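Fold and contact review
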Amino acid sequence: MNILLEHPAEVLLLAFMAITFLQSGIDKIVDWKGNLGWLKGHFEKTPLRTMVPLLLGTVLLIEMVAGLLSVAGIFQLLTSGTKELAFYGAITSCIALLMLLFGQRVAKDYEGARTIAVYFIPAVFLVFLLQ
């Protein structure tokens, strides 16, 4: 329990990343057709329009890895005090958010991009705390 008291910000931010990315990934799996349909419309006037299924699958994979590494990082931090998996989870979370930000910017969805930036701030702070 001392480790939790020594690293509360890291554990809370890892939980935030785990919830964010696992929920998002699970939603993509459960409603693949709905997500794909919406994204095809979102990107129909962009150079990415023909790659939407591949890109959705890639984002899904990265989000699930980020979420699972964040969960594993919490357990590793709490059980052994080491931060390796947590750090990888934080980095992967940042990569996922950069991918999403890129997509929103290409689609000229600036409000959506602003929302991604809000998530990126704690993700980068988590990387800082864990390095």
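Up top is the structure.
A brief structural summary. It should be emphasised that the depicted structure is a prediction, and the values quoted were computed from it without experimental measurement.

1. Some points on the pattern of salt bridges
Under the definition given, this model contains three salt bridges. In this structure, the salt-bridge partner of Lys28 is Glu63, at a minimum N-O distance of 3.1 Å. Taken together, the residues span a long stretch of sequence, with Lys28 in helix α2 (residues 8–30) and Glu63 in helix α4 (residues 52–80) at a distance of 35 residues. Judged by its relative accessible area of 10%, Lys28 falls in the buried class. Relative accessible area serves as the criterion here: at 1%, Glu63 is assigned to the buried category. Residue Glu111 is joined to Arg114 by a salt bridge in which the shortest nitrogen-to-oxygen separation is 2.7 Å. Taken together, the residues span about one helical turn, with Glu111 and Arg114 both in helix α6 (residues 110–130) at a distance of three residues.

2. A short note on the nonpolar core
Grouped together as the largest cluster of nonpolar side chains are 18 residues, with contacts concentrated most on Phe21 and Leu126. Elements that contribute at least two residues to this core include exactly α2, α4, α5 (84–106) and α6. Dropping the residues within four chain positions of it, Phe21 is found in contact with Glu63, Met64, Ala66, Gly67, Ser93, Ala96 and Leu97. Leu39, Val52, Leu56 and Ala107 belong to the second-largest nonpolar core, a separate cluster that totals seven residues.

Criteria and cut-off values
- In this convention, every chain numbers its residues from 1, walking through the sequence in written order.
- Residue-level local features of this predicted model are given only where pLDDT is at least 70; pairs of side-chain atoms are given and counted only at 80 or more, and the full residue set underlies all totals for whole chains, interfaces and linings.
- Calculation of side-chain values draws on the structure's entire complement of heavy atoms; hydrogens and water are dropped beforehand.
- Only one rule defines a salt bridge in this text: a Lys or Arg side-chain nitrogen within 4 Å of an Asp or Glu carboxyl oxygen.
- Helix numbers and strand numbers start at the N terminus; a helix is a DSSP run of H or I with at least 4 residues, a strand a run of E with at least 2.
- Relative accessibility under 20% of the residue-type maximum defines a buried residue, over 50% an exposed one, and the middle range a partly exposed one, all with a 1.4 Å probe and only protein chains included.
- Within this scheme, the nonpolar core is defined by two criteria: the residues are buried Ala, Val, Leu, Ile, Met, Phe, Trp, Tyr or Cys, and they are joined through side-chain atoms within 4.5 Å.
- Should any heavy atoms of two residues lie within 4.5 Å, those residues are considered in contact.

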